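So you can see what is in the structure, the chains are spelled out below.
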Amino acid sequence: MRSNGQPLRLIRLGAAIATLGAAGGFPVHAHAQAQRELNISYVYPAGGQRGTTLRITVGGRRIPANAEAVFSGGGIEATLLAVHQPPRQDKMEELVNELRELTKRKEHSQFPRREREGEAPAPWSPDDERRLQELIEWTAMANRARDAPPFAERAEFEVRIAENVPLGKHDIRLAGAGGVSNPLTFEVSDLPEITEPPLTAANYMVRTGETRRFGPWRRWIELPVSEHVIKPPAVINGQIGPGERDQYRIEIKAGQCLVIAVTARELRPYLADAVPGWFDAVITLFDEEGRLIATADHWRFHPDPVLYYEAARAGIYTLEIRDCIYRGREDFVYRVAVGEFPFITDIFPLGGLAGAAVSVALRGWNLEQAARTISAMPPPGVYSLFDVLNHMHASPFLRISADTLPELIEQKRGGENKPQRINLPVMVNGVIEKPGERDVYEFEGKAGRRIVAEIYARRLGSPMDATLTLRRSNAVSPPLAFNDDHEDRGAGLVTHHADSRIEFELPADGFYRLDVTDVRGHGSPFHAYRLRVSEPRPDFEVRLVPSSVSPRRGTSAAVTAHVIRRDGFDGEVHIRLKNAPRGFSLADARVPADKDRAAIKFQAARDAPPGPTWIQFEAVATIGAEQVIRPAIPAEDLQQAFAWQFLVPTESFLVWMARPPPARAAQQPEASTDP
Amino acid sequence: MTYTDSADAPDSTKQIADREAIPPWAAGKVAASSPYPPVHRLRPWEKTWPRRRFLANGLLGIGGLAALRWGAPLTFAVPFNPPPPRGKARTVIQVWLWGGPCHLDTFDPKPEAGNDYAGPFTQPIATNVDGIRINELLPMLAKQADQYSIIRGMTHGINGHETAAYIVQTGRPAGGRLTYPCIGAVVSLFKGYDAGYQGLIPPYIVLTQPQGRFSEAGFLGLKYKPFATGGDPAAPPFAVEGIVLPGVPRERQIRRRELLASLNTLRCALADDPLMAAADAAREQAYELILGDGGKVFDLSQEPDAVRERYGRNTFGQSCLTARRLVESGVPYVTINYGGWDTHKQHFQAMRRKLPEMDRGFSALLDDLRERGLFDTTLVWWSGEFGRTPRIQWEPPWNGGRNHYGKAFCAVLAGGGLRGGLVVGATDERGETVTERPVYPCDLLGTIYAQLGIDPDGPLPNPQGLDVRVTPDASEKVPSGGRLKELV
């Protein structure tokens, strides 16, 4: 965008930074509250290939003129190119007048009225066209700002991703005057990337039919057209507008075994003001003749669809992506990976003993190995496959779990319902292999002994929808306990809590059996689970919300610590900084016994360092006679579809401290003007 | 069912003798001692062609959709012929704030709760009743507080539009075996054609669009669905579906009628056929609605400009005026579906637009009803399906919006013989919880039914012949705080 005295507020780095409304010097918009003013709603594209440089757009509200983009994980640097804000109302009339004049000139140049009298059409240059499109976009931005403030403003950055940046998800936040924003996901991949032109405000209005609010210039709105043919492997970045179907031409060779995997809900798990509460993508593959080959709107239970196609014929195929009910807006951002890359669909077992070597069978497409050995499982917890197997492309939601209990693999005993004897405590790894199958485990118990039986399946990415039934081990015994769904607040991305849990005090000495089934009667080699049977193990997890704060020096920001109590743990939990950096501390950092949450104060000293500082936390409690330390995981409290709240972990916790104002230079003409 | 006059009590033997009027498939289901009143003897043409179907068929514009809506023949196991209810109120105007109005921003202000609750509305105004204050953008209603009563203890705890709208208008929670009819359909049943209503305008009118959130008629069937006028009463003309065709003047409608008559050779050939005679009769009634005095109730140009201005020249204001005209002509139930209250975003901007509009139209309606002597016989109730979150959602994407809130909200009742100037129930200092006198939807509806002379505890006839009551009884375990005896 040019800076030419026009009323759009346009700032370029490298020029003098315009002070916006500040009474001399750099404005410090620090916040003593957890609630942020600076908020970002989308980043596009939402990722890039490592070792490349790309241009991204971040949309949001209250974006400062000196915004910085901060990425977690290191190795990603960004330079601000421009901040676009809707023109001020007092400048709109001037804009619209200029737009009218330009429109008339364009129409005269295209449709001269006096052509018959030999009058030449009015001149029209590429600069005129650029200016016309600029003005159209600014007018559209003004309309969009009225209707949808979260998408009103945009910041553009040049982003450089180093070669050695870890693959996978990183957080991106904006920071500057106004504090620090919420995080969004930025994904680093190892595949070449193609990015479609972004959805502009004018394009948005065309797609919603709102251009009737425009003047005669609406006929001149440019809609971008994509003509290139994509050769896999590639990641396609797109943004879906209202009613839009993005179509891509893909060159496929005969014999290729292509995986087409969408990342959409993984980028933005929850939308508060939409139903469905995320971008619910549908992909369809058409052949050269336009015949439908395959379509998918989900993968197992996950909204992001995945297709696998073994191409019999070479040709230029069409891949289409849209929302399931043809919605669209700026934050409907997606990435589609297309290629013959190895894609893991399932693993078994779904976990192993912490610290031990575990061999994991892999199933999927284009895999080089049928199994991988993990030389040492991580400490107890749930991890992404990438963290443990260093494997990027896998079924969404697929996780691997480590625990301290003795591990056992289910033995199929050649007939249904025959129990497998187990000794407690134990972690059983099983599969409901066939529809209607029932896995039965028998153990000996003592009167008064309290046991917990818990299934981990959906939380680890298995499609199984478990039920658990406890009964005495005789043919006619009625159930002692039954559970279908058990909610786990720690599983912030799970919307259907399909795993089961029973806690029960055994009434008598003797043998008991646990029946494991799928509530829908489903079964397949993919319906894997882990069944934990043991005495209660009081424990806890902690989530800290929000995951970024920006207090003023000498003040504090409020952070809410949410404690997820397990197996009856009701003690007090203390939060502390881990490897506490200079200048920061916590106060009132405890969640009292029997409470699930408390507000703690994140304090910034007067000499707290400027800019971004990454913070880690620990949570400490006494369980029995032991001091137990757990990581306190940063998270965001996100709303889905107007109704439900989820604690969704982020990659990092960031504190942003205002930078000192630049030294005052001699008076220089500003490179840009405010509207 | 109970009756206020013993002379109207049913004679159970008589109804059995009238078996000819019972649909053949239902005859076997008639009990020897049915509690239901004598059978309504069908006119011959009603046995297979209910009257309303003739109104609907073959006319300019009313045709297909209306036929579908109205064409269901009687399907009760035991035909229903209620005596005319004796109550103080004869008609109801329901002002339905579609989407859920915030109680804090209307009739239950909480300025002391601070900016996170009150937002910019920090100066509620006193009304002409000591101790009652309402939102500062409702000055006209503030001068009439002695005419209406505010129910601040409304609660049901449901936050979904469809289920909340269902429970507020039927009195029962959704999800049971039966789909209950809403109050409009019940009033249409008890005070409509089955009860001797003779008007050409259907007895249950919606201005102007049906909500679509739930089935108004429920198990009663299509016959008791409302007639939604469509069109816009603020637009000239008010293009009521099937009655007013925009762009076709009255003279042209008359010429069309004459042309149709001249082309209708079948009618000439079957001049003596009773079905044809019945069709003629229905067609004449339909034309009476379109071209005669019947449809003039929708012609707002008959009202002085000063009256139309008083209501406000907008869809809501003119809908209130239309409602007044409808009840004046005897229509038992009118719903004004007043949308735009689902303010998740830009809430206060919307309130600044809608509250003055609502204030003007609603206050004009109350004034006008009083001036015309209709106030005591017309019960007006104002409500939405729920309230809105007392705590404002400042965070994106709401940026100052309010979400759904069924735990506490308010309603307003006026006229129909009810007392005004009262407040029933109370919420806490933030409007988040009902602290005094909870009022559940069945309590509110039961109060309205009783004022109309419909026994809220009496049986509700239904096609399945099930023993259900007009409002829930104890066996249904629906929460109740008791009917609004304070207002009676």
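For the structure, check the block above.
We now turn to the structure provided with this report. (Residues numbered from 1 in each chain as written. Chains lettered and ligands numbered in written order. Predicted model: local features only at pLDDT ≥ 70, side-chain atom pairs only at ≥ 80, totals over all residues. Heavy atoms only, no water.)

## Quick notes on the nonpolar core
All names here are of chain B.
Item 1. Residues Phe107, Tyr148 and Met358 are the most contacted members of the largest nonpolar core, which totals 58 residues.
Item 2. When residues of this core are assigned to their parent elements, the largest contribution, 10 residues, is made by helix α14 (residues 347-371).
Item 3. Grouped together as the second largest cluster of nonpolar side chains are 49 residues, Trp96, Leu379, Val439 and Val468 included. (Core = buried A, V, L, I, M, F, W, Y, C linked by side-chain atoms within 4.5 Å. Buried < 20%, exposed > 50% of the residue type's maximum accessible area, 1.4 Å probe, protein only. Helix = DSSP H or I, 4+ residues; strand = E, 2+ residues; numbered from the N terminus.)

## A look at the interface of chain A and chain B
Item 1. Contact residues are listed per partner, giving 12 residues for chain A and 11 residues for chain B.
Item 2. Interface area, chain A with chain B, both sides summed: about 900 Å², of which 52% is carbon and sulfur.
Item 3. One salt bridge connects Lys345 of chain B with Asp273 of chain A, and the closest N-O pair in it is separated by 2.3 Å.
Item 4. Applying the counting criterion to the chain A and chain B interface returns 5 residue pairs in polar contact (both at pLDDT 80 or more).
Item 5. Tallied by class, the residues present in the side of chain A that touches chain B amount to 4 nonpolar, 3 polar and 5 charged. (Contact = heavy atoms within 4.5 Å. Buried area = accessible area lost by both parts, 1.4 Å probe. Salt bridge = Lys/Arg side-chain N within 4 Å of Asp/Glu carboxyl O. Polar contact = N/O pair within 3.5 Å; in protein donor to acceptor, adjacent residues only side chain to side chain. Nonpolar A, V, L, I, M, F, W, Y, C, P; charged D, E, K, R; others polar.)

## Remarks on the sheet that holds strand β20 (residues 343-348) of chain A
Residue and element names in this part refer to chain A.
Item 1. Strand order across the open sheet formed by 3 strands is β20-β22-β23, with antiparallel pairing between neighbours. A single partner strand is all that each edge strand has here, and the edge strands are β20 and β23 (371-374). Neighbour-to-neighbour, the strand axes of this sheet turn through a mean angle of 35°, independent of strand direction.
Item 2. Sheet topology note: the strand β22 (residues 358-365)/β23 ladder contains 4 bridges and is antiparallel. Looking across to β23, one finds that Ala361 is bridged to Ala371. (Pairing = 2+ DSSP bridges. Axes fitted to C-alpha atoms, helices over the stretch in contact; angles between N-to-C directions.)

## Observations regarding the pattern of salt bridges
Side chains bearing opposite charge may pair, as long as their charged atoms lie close to each other.
Item 1. This structure, assessed with the given rule, holds 83 salt bridges over all chains.
Item 2. The salt bridge involving Arg154 of chain A is made with Glu137 of chain A; its shortest N-O contact spans 3.1 Å. A residue pair is termed long-range when its members are at least 10 positions apart, and Arg154 of chain A in strand β6 (residues 153-161) and Glu137 of chain A in helix α2 (residues 126-147) qualify at 17 residues.
Item 3. The class of Arg154 of chain A is buried, set by a relative accessible area of 11%.
Item 4. According to the relative accessible area criterion, Glu137 of chain A is buried, its value standing at 7%.
Item 5. Across the salt bridge formed by Glu476 of chain B and Arg172 of chain B, the nearest N and O atoms sit 2.8 Å from each other. With Glu476 of chain B in the segment after α15 (441-452) and Arg172 of chain B in the loop between α7 (161-170) and α8 (183-191), this residue pair connects regions lying 304 residues apart in the sequence.
Item 6. Residue Glu476 of chain B is classed as partly exposed on the basis of its relative accessible area, which comes to 29%.

## Here's the deal with the pairing of strand β29 (residues 439-445) of chain A
Consecutive side chains along a regular strand alternate between the two faces of the sheet.
Residues and elements named next belong to chain A.
Item 1. Of all 7 residues making up β29, 6 are buried, and the element is well covered by its neighbours.
Item 2. Bridge count between β29 and strand β34 (residues 510-518): 7 bridges; the pairing is antiparallel. Paired with Tyr441 across the bridge in β34 is Leu514.

## Some remarks on unusual backbone geometry
Item 1. For the peptide bond that leads from Tyr44 of chain A to Pro45 of chain A, omega is -5°, which places it in the cis range.
Item 2. Assignment of secondary structure puts Pro45 of chain A in the loop between β1 (39-44) and β2 (47-49).
Item 3. With omega at -5°, the peptide bond leading from Val275 of chain A into Pro276 of chain A counts as cis.
Item 4. Within the secondary structure layout, Pro276 of chain A lies in the loop between β14 (257-263) and β15 (281-286).
Item 5. A positive phi angle is found at Lys477 of chain B, which is not glycine, with a value near 55°.
Item 6. Tracing the backbone through its elements, the reader meets Lys477 of chain B in the segment after α15.

## Comments concerning the side chain of Asp194 of chain B
Item 1. Take Asp194 of chain B: it is sitting in the loop between α8 and β5 (204-207).
Item 2. Reaching out from Asp194 of chain B, the side chain makes a polar contact with the side chain of Tyr224 of chain B at a distance of 2.2 Å.

## Section: the sheet that holds strand β11 (residues 409-415) of chain B
All names here are of chain B.
Item 1. Taken in spatial order, the 8 strands of this open sheet run β6-β5-β7-β1-β8-β11-β4-β12, and their pairing is mixed. One side of each edge strand has no neighbouring strand; the edge strands of this open sheet are β6 (227-228) and β12 (423-424).
Item 2. Bridge analysis of β5 against β6 gives 2 bridges, and the strand direction is parallel. Within β6, the residue paired with Val206 across the bridge is Ala228.
Item 3. Sitting on the sheet, α14 touches β1 (91-97), β4 (148-154), β7 (333-338), β8 (378-384) and β11, and the angle it makes with β8 is about 165°.

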